[in-house]
Amino acid sequence: MTFSLSTLSPSPPSPTVTTEQLVLTIASAADDRKAADLVVLKVTDVTYLADYFVIATGFSRTQVRAIADSIDKKVEEIYQRLPLQTEGKSDGIWILQDYGEVIVHIFLPEEREFYNLEAFWGHAQRFTLTELTQGLTP
C-alpha cells in the first residue's frame, strides 16, 4: 500500500485566516478546558520557529490531553486545519502542537516550571487571553 504526500499532509491554511485569529482560537479552546496560566508569546522577532507560542498548564495528564484535543477539534472545525506535528500526547506531561506559525505547549505544572519557556523567551512580547480578547492583539 502506498500513500501520496497529499493524503498524509494537514490541510493548508485558509488564506482568510490571520495568525492572530488562529492564536485567539487556540487560546480560547484551551481556556474552554480550564487551562491555567495561559500565556501567548509573540516570538516573530526572536526566532524563525514560529510567530507565536501558546503556553498553558493542565493539572493532570487527562486534562493536558483534553486541552490538546479541544484545540485540535476547534481549529479543525473552524479552519479545517490539523497540526503539522503533535508530540507527547501519549504521555500527557508536555504536549506540543505545531500549527506552523503557532506552536502550542501544554504542560503539567512541574514540567512547566522546570522548562520555564516564558523565561527562556523572556524578550518576546507577552499576552494573556484577556488582552487578546480585548483586541490588544499585536
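Definitions and cut-offs
- Residues numbered from 1 in each chain as written.
- Predicted model: local features only at pLDDT ≥ 70, side-chain atom pairs only at ≥ 80, totals over all residues.
- Heavy atoms only, no water.
- Salt bridge = Lys/Arg side-chain N within 4 Å of Asp/Glu carboxyl O.
- Helix = DSSP H or I, 4+ residues; strand = E, 2+ residues; numbered from the N terminus.
- Buried < 20%, exposed > 50% of the residue type's maximum accessible area, 1.4 Å probe, protein only.
- Pairing = 2+ DSSP bridges.
- Axes fitted to C-alpha atoms, helices over the stretch in contact; angles between N-to-C directions.
- Phe/Tyr/Trp six-rings, centres within 6.5 Å; stacked < 30°, edge-to-face > 60°.
- Expected span 1.5 Å × (residues − 1).
- Contact = heavy atoms within 4.5 Å.

A few words on the pattern of salt bridges. Inspection of the entire model under this criterion finds five salt bridges. D69 is the partner of K89 in a salt bridge, and the nearest nitrogen-oxygen pair spans 2.5 Å. Linking K89 in the loop between β3 (85–87) and β4 (94–98) with D69 in helix α3 (residues 61–79), this pair joins segments that are 20 residues apart in sequence. Judged by its relative accessible area of 26%, K89 falls in the partly exposed class. D72 is the salt-bridge partner of K89, the closest N and O atoms lying 3.3 Å from each other. Taken together, the positions of K89 in the loop between β3 and β4 and D72 in helix α3 put the pair 17 residues apart, joining distant regions of the chain.

Okay, the sheet that holds strand β6 (residues 125–128) next. The strand order across the open sheet formed by six strands is β3-β4-β5-β2-β1-β6, and the pairing between neighbours is mixed. Each edge of the sheet is formed by a strand with only one pairing partner; in this case those strands are β3 and β6. Geometrically, the sheet is characterised by an average inter-axis angle of 15 degrees between neighbouring strands, direction not taken into account. The pairing of β3 with β4 spans three bridges and is classified as antiparallel. Along β4, the bridge assignment pairs Q85 with D98.

This next bit is on the environment of H123. Looking at where H123 falls in the secondary structure, it is placed in the loop between α5 (117–120) and β6. For H123 and K42, which are 81 residues apart along the polypeptide, the C-alpha to C-alpha distance reads 9.4 Å.

Our next topic: the packing of aromatic side chains. The final tally for this structure, using the stated rule, is six aromatic pairs. Ring geometry for F53 versus W121: centroids 5.3 Å apart, planes at 80 degrees, classification edge-to-face. A residue pair is termed long-range when its members are at least 10 positions apart, and F53 in strand β2 (residues 52–57) and W121 in the loop between α5 and β6 qualify at 68 residues. W121 shares its class with F53; the two are buried. Measuring from ring centre to ring centre gives 4.7 Å for W94 and Y115, while their planes differ by 45 degrees; the resulting arrangement is tilted.

The subject of this paragraph is helix α2 (residues 19–32). For α2, which comprises 14 residues, the first-to-last C-alpha distance of 20 Å matches the rise-based estimate of 20 Å (1.5 Å per residue) to within 8%. For α2, the full list of buried residues reads T19, L22, V23, T25, I26, A27, S28, A29 and A30. In this structure, the buried residues of α2 make contact with β1 (36–42), β2, α3, β5 (102–107) and α6 (129–133).

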